[in-house]
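Summary of the model geometry
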Amino acid sequence: MMKKKSIPASKPLLILFLCQIISALDVPLDLSQPPTITHQSPKDYIVDPRENIVIQCEAKGKPPPSFSWTRNGTHFDIDKDAQVTMKPNSGTLVINIMNGGKAEAYEGVYQCTARNERGAAISNNIVIRPSRSPLWTKEKLEPHQVREGDSLVLHCRPPVGLPPPIIFWMDNAFQRLPQSERVSQGLNGDLYFSNVQPEDTREDYICYARFNHTQTIQQKQPISVKVFSMDSLNDTIAANLSDTDIYGAKPVTERQPVLLTPTGSTSTKVELRGNVLLLECIAAGLPTPVIRWIKEGGELPANRTFFENFKKTLKIIDVSEADSGNYKCIARNTLGSVHHVISVTVKAAPYWITAPRNLVLSPGEDGTLICRANGNPKPSISWLANGVPIAIAPEDPSRKVDGDTIIFSHVQERSSAVYQCNASNEYGYLLANAFVNVLAEPPRILTPANKLYQVIADSPALLDCAYFGSPKPEIEWFKGVKGSILRGNEYVFHDNGTLEIPVAQKDSTGTYTCVARNELGKIQNEVHLEIKDPTMIIKQPEYKVVQRYGQVSFECIIKHDSTLLPTVIWLKDNDELPDDERFLVGKDNLTIMNVTDKDDGTYTCIVNTTLDSVSASAVLTVVARPNPPFDLELTGQLERSIELSWIPGDENNSPITHFVIEYEDGLHEPGVWHYQTEVPGTQTTVQLKLSPYVNYSFRVVAVNKIGRSQPSEPSEQYLTKSASPDENPANVQGIGSEPDNLVITWESLKGFQSNGPGLQYKVSWRQKDVDDEWTSVIVANVSKYIVSGTPTFVPYEIKVQALNDLGYAPEPSEVIGHSGEDLPMVAPGNVQVHVINSTLAKVHWDPVPLKTVRGHLQGYKVYYWKVQSLSRRSRRHVEKKILTFRGNKTFGMLPGLEPYSSYKLNVRVVNGKGEGPASPDKVFKTPEGVPSSPSYLKITNPTLDSLTLEWGSPTHPNGVLTSYILKFQPINNTHELGPLVEIRIPANESSLILKNLNYSTRYKFYFNAQTSVGSGSQITEEAVTIMDEVQPLYPRIRNVTTAAAETYANISWEYEGPDHANFYVEYGVAGSKEDWKKEIVNGSRSFFVLKGLTPGTAYKVRVGAEGLSGFRSSEDVFETGPAMASRQVDIATQGWFIGLMCAVALLILILLIVCFIRRNKGGKYPVKEKEDAHADPEIQPMKEDDGTFGEYSDAEDHKPLKKGSRTPSDRTVKKEDSDDSLVDYGEGVNGQFNEDGSFIGQYSGKKEKEPAEGNESSEAPSPVNAMNSFV
């Protein structure tokens, strides 16, 4: 939508150039020359009779001319008329009307003559006529009584004025009468009705005539029109006839078109060339005819043809002889058509082909005056000399008249004169003055010396050299002081002396010399030319669409010559910007704040310099939600349907996509609007389905891409009649709430679904598969009925039927329901367990008989729990886990078991009421598995050739440990690994001294435990033997330990090396090929908390130092704890736990009060003492969220640590006991198995105090565990 235009620098210069061609023939005013008329009044001069009459006549000449006038062809002696004066040094007449003169007395044809010693020039014949605005003639106007559908013409017949008045029709309130295809005003001022309608009845049809010259308006007497409709006419006839008479006016009948104007089938029209051609056709008929125009044998001229007055008027501007021909108007309606042919002839008043031009000749020269004109009919040419017909003018031997040409030969000074050429025909005349001035003058250059021309590059440069001389001088141009004469195609030399450089370039800059010479002398003049860079808009404004009340910005970035000062102007729709503070004009942009609808339009950036101007435009479209529809109308009212129509509101530049129709039920839900339907945005009517017994109102909402309009005003209300219900309640169900009842429920019908007053429901039921009769009851407008005294869990057939005061709904369909459930009676039998591996077992059972379920079978629950670990004798809390298997399943999988452990389980059947009795406990044992990694590996006491290794046994042996496997190998300075050495260590050992090692050598150790099943995961560490009993030369990070929970892990390490090292932690999933993830450690701390880990996942981790290329610790592997299983007993609901929490809260409150009292007494908090007591910063309490040191407080000094929240002082970390995660096996609250027995469920935990060996715990860290440790 962007437009760009440029105003080239050459345009004003070309206009100047054309002016100079004319001015080159002008004689300097200091030289003798005949008179030239410079200004005169128009030929047809209509004057206001109330004001002075001014007849203009101005002329120039040397010596100054004198003036005289003729009136109606005779001399007008102004000295004898006191009312007439002539302006000084002018021929302009002033006739004083305001002091008693009458304009009518000075009507006539006036001509002015300007004379000096070298000749006389005359003006046109100026016809003076006072304007007239006569009153309307008195006339008696009879009222017009017209039958509906007939045609009518109201005549205006305005008084004849000068000039003719402008006609329009208004009423008594000075409001213009509305016009349309049916009613319109003709060119003659009459008001035409193609057919009248009852609404045309009125008594104030008034024709007005406005006379512009006198600024007066004349008014015709009001015309009364009364239209009789057929109904009223029949009533009138009936009132005047007896009952036995046959009466009745014919109804309004349709009629084919008939032309009201022009009459007949043909007419003629004559128009003059250059005028506006107006052709008119107005037709009567019912329906109202439509007018169409054609030109026989040709096309209507493009770009000059316009249709006015609802196509009843054909307008062609600037007509020429080619527009002559036959024009046909065709009036058509559904019954037929009529046409009229207008034969148009275009005549022409005389117009110039070649007008005579002034001649300046030197004595002895030759010349010609040419006067050529055309017209229709062809005009005659006549010559005058000094205002006298040339035939009777004084003879001049140097001239010869040859039709439209006068030839001059060997002129002398006495040949100077003014010649007039008159071209006339019956439609007008042309008069032109042209003088012959005989002079002998040396050359003159009229252009100022050293004039500077500045031109934009690649534009034409026009260097002026206005001159005069007689004989006519020759002109030559030079560039530079000693340049050669300019010639060639790159220059254009004009007759007026101008030098044109068609495409000026930078090298065109310089000084140019103009030389003018004739036989009487020579003269030269210098001018200067500078070439400037063009002004350009390098970033133009772009088309923008913005929502109402938004903000928009147009850019206009320019580039210009550094010596030119540009000015930037912004226009809106080619006019100045509104005077509004919302419009902000910046250096390179225009910003509009809080845009409104009136800001829509075209914005133009215009950049002006003194030499050029460029512009660029862009359109702004303001969009908004549509305006609400209006004029809602209800038609075609039926019992079950109605038609709604509306008029769309303004779409606000975003097309309406659809309309939403809403309804209100004023009878049942007044004030609540419901969705009814929607239709496309091109549709404005819709057929709506209705329900009985509803008091409808409708409204319409328009929707476009911007949003929804405000709702329309509501339509009128429409109340539909009552009827019996059309439908029955939905979602009928029968479910018992107790073992001996049946609760029947349904969704009640909405208000408008009731179809009438008195809505009730007939509820019927009978036991299925038993030969019983239906039991029925009619209830009020409710949604539930309870049947009592039913057998436990038996099927029933149920149906619910709606009824109101007018009858029943159709017969409802039956649904099956059941009376209430009771707990299952028996437990599953023959429970068998098959241990698949050390962590997975499969359980089988026999299904219970369906009759004993006493309800809907939902599935079976397996309760299982670990009794003890076979590798250790320890006591522990028993945590029961539950797996639910949906449907009639007879087996399931138990995942996440601990190896080498003893378990118990039982199975229970589940229905909608609850669980049945448990089967006898079944005991099973899991086999050995591979152990977890050793809990820690610590390397101490480095010497020249030995290292001491200490380790902890695995947290989860998962069997009987058989041995430990130690592997180690040296690492050189390039981190290349040497040969691997393997050592098997008895299971009862916990330390080892490695001897015969190389001194000052780094070793990498791999350590893991074994059972009879195999080797467990390994732990790694690095250490360096010393050289000459001194510290290692290289910094190192060792003893990387981890304490893992479900979703986070505490990482700690020991560092030896330069101070102020910046550490980072890298980690990833063990065995994965993904890139390491890197976390930066804040400060120089030797611990970090990794967050966002996945439960039950093995991770690898290592620690590095920034700035030490390739320097990092050995890898460590840890595993996050499993996701916490659900427990049957929530400790937070136990009474002892609540009491404990209250006691803790009371203790904390007392401590806070003591601290507050001590602080108010000026006591200082013993931070220094705390620091001294805890010199090792790594054993300070840490915040769980980021691992940073917490604040000291008296209340916290003796709190026990949460499990996994602190590292031991010897920098070792013991693995936490944790259960295997069951998250991967199920979803939802209750676990499920697929049909093949694979686990897809979850389990829940239940704590029970049962005897167990030892105090081993497999729980992951949790707030409850932390509180248990606190107790």
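Residues numbered from 1 in each chain as written. Predicted model: local features only at pLDDT ≥ 70, side-chain atom pairs only at ≥ 80, totals over all residues. Heavy atoms only, no water.

Comments concerning the overall build of the chain
Scanning the chain for helices and strands turns up six helices and 95 strands. Within the chain, buried positions represent 44% of all 1271 residues. Taking contacts inside the chain between residues at least 6 apart in sequence as the whole, the part at least 24 apart equals 66%. (Helix = DSSP H or I, 4+ residues; strand = E, 2+ residues; numbered from the N terminus. Buried < 20%, exposed > 50% of the residue type's maximum accessible area, 1.4 Å probe, protein only. Contact = heavy atoms within 4.5 Å.)

Digging into the environment of tyrosine 1006
Here tyrosine 1006 is to be found in strand E85 (residues 1002-1011). Among residues more than four places away in sequence, those in contact with tyrosine 1006 are Ile965, Leu966, Lys967, Gln969, Leu977, Leu980, Gln1018, Ile1019 and Thr1020. Among the polar contacts listed, one links the side chain of tyrosine 1006 to the side chain of glutamine 969, at a separation of 2.9 Å. (Polar contact = N/O pair within 3.5 Å; in protein donor to acceptor, adjacent residues only side chain to side chain.)

Examining the sheet that holds strand E60 (residues 656-665)
One open sheet accounts for four strands, arranged E61-E60-E63-E64; its pairing is antiparallel. The open sheet has two edge strands, strand E61 (669-680) and strand E64 (718-719), and neither has a second partner. Bridge count between strand E63 (residues 695-704) and E64: two bridges; the pairing is antiparallel. What sits directly across from tyrosine 696, in E64, is tyrosine 718. (Pairing = 2+ DSSP bridges.)

Let's talk about the sheet that holds strand E35 (residues 399-402)
The three strands lie next to each other as E31-E36-E35, forming an open sheet whose pairing is antiparallel. The open sheet has two edge strands with one neighbour each: strand E31 (367-370) and E35. On average, each strand axis in the sheet is inclined to that of its neighbour by 15 degrees, with strand direction left out of account. By the bridge criterion, four bridges tie E31 to strand E36 (residues 405-408) in an arrangement that is antiparallel. Among the inter-strand pairings, isoleucine 370 is bridged to a residue of E36, identified as threonine 405. (Axes fitted to C-alpha atoms, helices over the stretch in contact; angles between N-to-C directions.)

A few points about the pattern of salt bridges
In a structure, side chains of opposite charge can pair up when their charged atoms sit close to one another. Within the structure shown, the criterion is met by 37 salt bridges. The shortest N-O distance in the salt bridge between lysine 506 and aspartate 533 comes to 3.3 Å. Taken together, the residues span a long stretch of sequence, with lysine 506 in the loop between strand E45 (499-501) and strand E46 (510-518) and aspartate 533 in the loop between strand E47 (521-532) and strand E48 (536-539) at a distance of 27 residues. For aspartate 533, a relative accessible area of 34% puts it in the partly exposed group. Taking the shortest distance from any N to any O, the salt bridge between lysine 861 and glutamate 915 comes out at 3.0 Å. You can see lysine 861 sitting in strand E75 (residues 857-869) and its partner glutamate 915 sitting in the loop between strand E78 (901-911) and strand E79 (922-925), a full 54 residues away along the chain. Taking relative accessible area as the criterion, lysine 861 reaches 16% and is therefore assigned buried. On the accessibility criterion, glutamate 915 (24% relative accessible area) is partly exposed. What emerges from the salt-bridge pattern is a single network uniting Asp171, Arg202 and Asp204. (Salt bridge = Lys/Arg side-chain N within 4 Å of Asp/Glu carboxyl O.)

Quick look at a negative patch on the surface
Taken together, Asp631, Glu633, Glu643 and Glu716 make up a surface patch of like negative charges. Overall, aspartate 631 belongs to the exposed group, its relative accessible area being 52%. (Patch = residues over 30% accessible without salt bridge, like charges linked within 9 Å, V, L, I, M, F, W, Y side chains within 5 Å. Areas by Shrake-Rupley, 256 points an atom, 1.4 Å probe, with all protein chains shown as cover. Lys, Arg positive; Asp, Glu negative; His and termini not counted. Charge placed at Lys NZ, Arg CZ, Asp CG, Glu CD.)

Some remarks on the nonpolar core
By size, the foremost hydrophobic cluster in this structure holds 28 residues, and its most contacted members are Ile53, Ile55, Trp69, Ile95 and Tyr110. Elements with a minimum of two residues in this core: strand E4 (53-55), strand E5 (57-62), strand E6 (66-71), strand E9 (93-95), strand E10 (108-116) and strand E12 (126-130). Leave out the neighbours within four places in its chain, and isoleucine 53 touches Val47, Leu93, Val94, Ile95, Ile97, Ala103, Tyr106 and Ile128. (Core = buried A, V, L, I, M, F, W, Y, C linked by side-chain atoms within 4.5 Å.)

With respect to the confidence of the model for the chain
Model confidence for the chain is summarised by a mean pLDDT of 84, while 84% of its residues fall at 70 or above. In this model, residues 1-24 is a region of pLDDT below 50 whose contacts with residues beyond four sequence positions or in other chains number 38 contacts. A low-confidence stretch, residues 1162-1271 (pLDDT under 50), is modelled with 260 contacts involving residues beyond four sequence positions or located in other chains. (pLDDT = per-residue confidence, 0-100.)

Things to note about the state of the cysteines
Tallied over the entire structure, the rule returns six disulfides. Linked covalently through their sulfurs, cysteine 57 and cysteine 112 form a disulfide whose S-S length is 2.0 Å. Residues cysteine 57 and cysteine 112 share a disulfide whose torsion about the S-S bond is about -75 degrees; that sign makes it left-handed. Placement of cysteine 57 in strand E5 and of cysteine 112 in strand E10 is noted, with a sequence separation of 55 residues between them. Two residues, cysteine 556 and cysteine 605, share a disulfide whose sulfurs are 1.9 Å apart. Sign of the S-S torsion, about -65 degrees for the bond between cysteine 556 and cysteine 605, identifies this disulfide as left-handed. Pair noted here: cysteine 556 is in the loop between strand E50 (552-555) and strand E51 (557-559) and cysteine 605 is in strand E56 (residues 601-608), with a separation of 49 residues, a long-range link. Sequential numbering of the bridged cysteines in the chain gives the disulfide pattern 1-2, 3-4, 5-6, 7-8, 9-10, 11-12. (Disulfide = S-S within 2.5 Å.)

Observations concerning the side chain of threonine 852
The topology assignment puts threonine 852 in helix H3 (residues 850-853). In terms of polar contacts, threonine 852 uses its side chain to reach the backbone carbonyl oxygen of proline 849, at 2.6 Å.

Digging into the packing of aromatic side chains
For the structure on display, the rule yields 24 aromatic pairs. Residues tyrosine 1067 and tyrosine 1099 carry aromatic rings whose centres are separated by 6.5 Å and whose planes lie at 55 degrees to one another, so their mutual orientation is tilted. Placement of tyrosine 1067 in strand E89 (residues 1063-1069) and of tyrosine 1099 in strand E92 (residues 1098-1105) is noted, with a sequence separation of 32 residues between them. Of the two residues examined, tyrosine 1067 and tyrosine 1099, each falls in the buried class. A network of ring pairs unites the aromatic residues Phe168, Phe174 and Tyr208 as a single cluster. One residue, lysine 43, lies across the ring of tyrosine 429, its end atom 4.1 Å from the ring centre. Positioned above the aromatic ring of tryptophan 774 is the side chain of lysine 799, whose terminal nitrogen or guanidinium carbon lies 4.4 Å from the ring centre. (Phe/Tyr/Trp six-rings, centres within 6.5 Å; stacked < 30°, edge-to-face > 60°. Lys NZ or Arg CZ within 6 Å of the ring centre and 35° of its normal.)

Side note on unusual backbone geometry
Cis rather than trans, the peptide bond between lysine 62 and proline 63 has omega equal to 0 degrees. Assignment of secondary structure puts proline 63 in the loop between E5 and E6. Unlike most non-glycine residues, asparagine 755 shows phi in positive territory, near 65 degrees. On the basis of relative accessible area, asparagine 755 is assigned to the buried category, the value being 2%. A positive phi angle, close to 45 degrees, is found at serine 1000, a residue other than glycine. The topology assignment puts serine 1000 in the loop between strand E84 (991-994) and E85.

Regarding the side chain of glutamate 1066
Along the polypeptide, glutamate 1066 turns up in strand E89. Here the side chain of glutamate 1066 touches arginine 1102 through a polar contact of 2.8 Å, side chain to side chain.

Some details on the environment of leucine 369
Tracing the backbone shows leucine 369 in strand E31. Spatially, the C-alpha atoms of leucine 369 and phenylalanine 408 are 8.3 Å apart, while their sequence positions differ by 39 residues. Ignoring any residue separated from it by four or fewer positions in sequence, one finds leucine 369 in contact with Arg357, Leu359, Trp383, Asp404, Thr405, Ile406, Phe408, Tyr419, Ala434 and Val436.

Regarding the pairing of strand E66 (residues 741-747)
In terms of burial, E66 is largely enclosed, as five of its seven residues are buried. Pairing analysis gives four bridges linking strand E65 (residues 730-735) to E66, with the strands arranged antiparallel. Paired with isoleucine 735 across the bridge in E66 is valine 743. What sits between the antiparallel neighbours E65 and E66 is a turn of five residues. Strand direction decides the pairing type here: E66 and strand E69 (residues 784-788), joined by five bridges, are antiparallel.

Some words on the environment of alanine 209
Position of alanine 209 among the secondary structure elements: in strand E18 (residues 202-211). The spacing of alanine 209 and isoleucine 166 is 43 residues in sequence and 5.5 Å in space, taken between C-alpha atoms. When neighbours within four sequence positions are excluded, alanine 209 is seen to be in contact with Trp136, Pro158, Pro165, Ile166, Ile167, Thr216, Ile217 and Gln218.

Some thoughts on a nonpolar patch on the surface
Taken together, the side chains of Leu1146, Leu1149, Ile1150, Ile1153, Val1154, Phe1156 and Ile1157 present a nonpolar region at the surface, about 660 Å² in accessible area. Relative to the helices and strands, leucine 1146 is located in helix H4 (residues 1135-1160).

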